[in-house]
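The residues making up each chain are set out below.
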Amino acid sequence: MSVCPESIPPKACLFLDFDGTLVDFAPDPQSVLVTPDLLCLLATLTQRFEGALALVTGRALGDVDGLIRPLQLPVAALHGTVRRDAKGTTLIGTNASIGEFAASSRRIREHFQYWVDQQPGVMLEDKGLALALHFRGARSRWTPTRDDLAELESILPPELELICGALVVEVRCRGDDKGTAVEAFLNEAPFRDRVPIYIGDDVADARAIEVVERRGGIAIAVGDRIDARFHFPDPSALRHWLTHLAFGRESP
Ligand SMILES: [Mg+2]
């Protein structure tokens, strides 16, 4: 059942997670469906929020840009490790260097590769500053056990962290996250002095939701993996509400 906000504050800004929130999951991250209608929706919402709309995603920046081309939006990519602000400037997290990440994640990469070799349909994605193991397409419906994850944690260097999402396990640089990315946007125009609305579906979104709730904003969850004050059952229900917000009579 949907529990959507009855009204939107007159001066708001919008932060949107991508996979599982705006678009439905696909077995392979590259095969998600981004329709012309969705691009039109994002462009119209950006106008309605006077440019104060950002995507906050675990995807790499170039990856999300490719999916929403020709749009180019403010984006927090790789769960906040990389951020492109509203002026188009790209900022890399202080703890992030591709060379250091590659060196410190070597053992994790070996572990991930072992599972890829053993389990048909499991996929390793190298995002440069993060490594993701996707098992949405696993033919045997394989997922890592609690012991597997504990073993990964035990070999994780202190500068890296493990995030367990929806049928994905990811290793990334510790430090910046979706919450710090949202804080950074809220300190800059055109997001500053607006009431933040955050919409996400997964554990990595919980940090951004904490920030938004602390700052008197509106948090909305999609699906049943995380809690928030408002809730949509799936991306399709969210897109329906956003369409009403973008093209209906309500003004953001
Ligand atoms: Mg998501």
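Residues numbered from 1 in each chain as written. Predicted model: local features only at pLDDT ≥ 70, side-chain atom pairs only at ≥ 80, totals over all residues. Heavy atoms only, no water.

*Asks:* What exactly am I supposed to notice about the coordination of the magnesium ion here?
*Replies:* When four donors bind a metal tetrahedrally, each ideal donor-metal-donor angle is 109.5 degrees, and when six bind octahedrally, the ideal angles are 90 or 180 degrees. Taken together, the protein ligands of the magnesium ion are Asp17 (OD), Asp19 (O) and Asp201 (OD), with distances of 2.1 to 2.2 Å. Among the residues examined, Asp19 registers a relative accessible area of 16% and is labelled buried. Here Asp201 falls in the buried class, since its relative accessible area comes to 1%. (Donors = N, O, S within 2.8 Å, 3.2 Å for Na, K, Ca; no water. Buried < 20%, exposed > 50% of the residue type's maximum accessible area, 1.4 Å probe, protein only.)

*Asks:* Which parts of the structure should I look at to understand the domain arrangement of the chain?
*Replies:* A common way to express how large an interface is: the accessible area buried when the components associate. Each domain of the chain was delimited in the assignment, giving domain 1 (12-94 + 176-247) and domain 2 (98-173). Here the C-alpha centroids of domain 1 and domain 2 sit 24 Å apart. Between domain 1 and domain 2, the residue contacts involve 22 residues of the former and 16 residues of the latter. Taking both sides of the interface into account, the surface hidden between domain 1 and domain 2 amounts to around 1300 Å²; carbon and sulfur atoms contribute 59%. For the domain 1 face of the interface with domain 2, the top three residues by lost area are Pro29, Leu78 and His79, together amounting to 30%. Run the count over domain 1 and domain 2 and you get one salt bridge. (Domains from an automatic or database assignment. Contact = heavy atoms within 4.5 Å. Buried area = accessible area lost by both parts, 1.4 Å probe. Salt bridge = Lys/Arg side-chain N within 4 Å of Asp/Glu carboxyl O.)

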